[in-house]
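# Summary of structural features
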Amino acid sequence: LRERVRYGDIDYYTQAAFALANNQALPDFYLYPPLWATLLSFLTPLGEEGILLIAWIANTLSLLLFYFLLHRILEQYGFKPQAAALTTTLFMLVNMPVIRTLMYVQVNFHVMNLVFLSILLYKDRLFLSALALALAIHLKASPAVLVLAFLLELNWKWVAWFATSMILIAALTVAFYGMNPFLDFINNFMLLNV
């Protein structure tokens, strides 16, 4: 953590939130779908420190949920409860990505929790499973590759719920800021490959 003297990713999220709140384009370094910036834009009256505090609390709570959900995932895949608890605890004790995610106030815990929920809810609650994965993708685009695993199940009801969820979640940003944040996201992503 020596390479930064101030919180990392939260600065990007905050700048994007203020840009949206001021009807400006997303900054060119903001490489995430616009949902997180949209949600944080509602907190801009609290200022940067207020956003940092709320995001930090949300991350800390999300870390606790991450522990519980990882334990449940391991049990679902055949670990005995004690072995799942021990494995989860050892995994999280000295884990630089976990520390980095917490210290830089990244969205990774939120994304992973949503992915875990999507897997855990798949058999019994298709709509909630699809909604969780759609939310994960709207927070950070990388979980989109996991859609392929769900598509292999050929569960068209889940696919329909997923498509509906993707549209409804996008509608929040569109309702407040129009389509431009999505165009900014695509443009920023394309600039990466130039």
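Residues numbered from 1 in each chain as written. Predicted model: local features only at pLDDT ≥ 70, side-chain atom pairs only at ≥ 80, totals over all residues. Heavy atoms only, no water.

Within the largest apolar cluster, 35 residues are counted, with the highest numbers of intra-cluster contacts made by Ile10, Tyr13, Tyr30, Trp36, Leu133, Trp158 and Phe162. Only α1 (9–21), α2 (35–41), α3 (47–76), α6 (108–121), α7 (126–139), α8 (147–151) and α9 (156–177) provide two or more residues apiece to this core. The element that contributes the greatest number of residues to this core is α7, accounting for eight residues. Sequence-distant contacts of tyrosine 30, that is, excluding residues within four places in its chain, are made with Tyr12, Tyr13, Ala16, Trp36, Ala37 and Asn188. Core analysis: the second largest hydrophobic core is formed by 13 residues, Ile73, Ala84, Phe109 and Leu120 among them. (Core = buried A, V, L, I, M, F, W, Y, C linked by side-chain atoms within 4.5 Å. Buried < 20%, exposed > 50% of the residue type's maximum accessible area, 1.4 Å probe, protein only. Helix = DSSP H or I, 4+ residues; strand = E, 2+ residues; numbered from the N terminus. Contact = heavy atoms within 4.5 Å.)

In this section: the pattern of salt bridges. Pairs can form between side chains of opposite charge once their charged atoms are near each other. The full count for this structure, using the stated rule, is one salt bridge. One salt bridge in this structure joins arginine 72 and glutamate 75, with 3.1 Å as the shortest N-O distance. Taken as a pair, arginine 72 and glutamate 75 lie in helix α3 at a separation of three residues, close to a single helical turn. The class for arginine 72 is partly exposed, based on a relative accessible area of 36%. (Salt bridge = Lys/Arg side-chain N within 4 Å of Asp/Glu carboxyl O.)

Another aspect to go through is a nonpolar patch on the surface. Together, Leu31, Val174, Met179, Leu183, Ile186, Phe189, Met190 and Leu192 give the surface a local cluster of nonpolar side chains, amounting to about 730 Å² of exposed area. The dominant element in the nonpolar patch, judged by the number of residues it contributes, is helix α10 (residues 180–192), at five residues. Of note, valine 174 is situated in helix α9. What makes valine 174 partly exposed here is its relative accessible area of 32%. (Patch = residues over 30% accessible without salt bridge, like charges linked within 9 Å, V, L, I, M, F, W, Y side chains within 5 Å. Areas by Shrake-Rupley, 256 points an atom, 1.4 Å probe, with all protein chains shown as cover.)

Now for the layout of surface pockets. Taking a probe equal in size to a water molecule and rolling it over the atoms shows the remaining empty space. Considered as a void within the structure, the largest pocket measures approximately 240 Å³ in volume. Lining the largest pocket are Gln76, Tyr77, Ile119, Tyr122, Lys123, Leu146, Ala149, Phe150 and Glu153. Residues of the lining of the largest pocket, tallied by class, amount to six nonpolar, one polar and two charged. (1 Å grid on protein atoms, 1.4 Å probe; cavity = no way out; pocket = protein on both sides within 12 Å on 5 of 7 lines; lining within 4 Å. Points joined across faces, edges and corners; volume = space filled by probe spheres on them. Nonpolar A, V, L, I, M, F, W, Y, C, P; charged D, E, K, R; others polar.)

At 3.6 residues per turn, the α-helix brings residues three or four places apart onto the same side. Here α3 contains 30 residues, and its C-alpha end-to-end distance of 42 Å stays within 8% of the 44 Å for a straight helix at 1.5 Å per residue. Glycine 78, located one to two residues past α3, shows a positive phi value of around 100°. (Expected span 1.5 Å × (residues − 1).)

Think of a pair of aromatic rings as described by two things: how far the centres are apart, and how the planes are tilted against each other in angle. Across all of its chains, the model carries 13 aromatic pairs by this definition. Residues phenylalanine 66 and phenylalanine 116 carry aromatic rings whose centres are separated by 5.7 Å and whose planes lie at 25° to one another, so their mutual orientation is stacked. Placement of the pair is phenylalanine 66 in helix α3 and phenylalanine 116 in helix α6, with a sequence separation of 50 residues. With a relative accessible area of 8%, phenylalanine 116 lands in the buried category. Judged by centre distance (4.8 Å) and plane angle (65°), the rings of phenylalanine 127 and tryptophan 161 are edge-to-face. Of this pair, phenylalanine 127 sits in helix α7 while tryptophan 161 sits in helix α9, placing them 34 residues apart in sequence. In textbook terms, an aromatic cluster arises when at least three aromatic residues are bridged by ring pairs, as seen for Tyr13, Tyr30, Tyr32 and Trp36. (Phe/Tyr/Trp six-rings, centres within 6.5 Å; stacked < 30°, edge-to-face > 60°.)

As for its placement among the helices and strands, phenylalanine 185 is situated in helix α10. Taking the C-alpha atoms as reference points, phenylalanine 185 and tyrosine 30, 155 residues apart in sequence, are found 7.3 Å from one another. Setting aside anything within four residues of it in sequence, one finds phenylalanine 185 in contact with Leu26, Leu31, Tyr32, Pro33, Pro34 and Ala141.

Moving on to the side chain of threonine 173. Turning to its location among the elements, threonine 173 is positioned in helix α9. Residue classification places threonine 173 among the buried residues on the basis of a relative accessible area of 1%. Ignoring any residue separated from it by four or fewer positions in sequence, one finds threonine 173 in contact with Pro34, Leu35, Thr38, Gly178, Pro181 and Phe182.

All quantities given are derived from atomic positions and should not be read as evidence of function.
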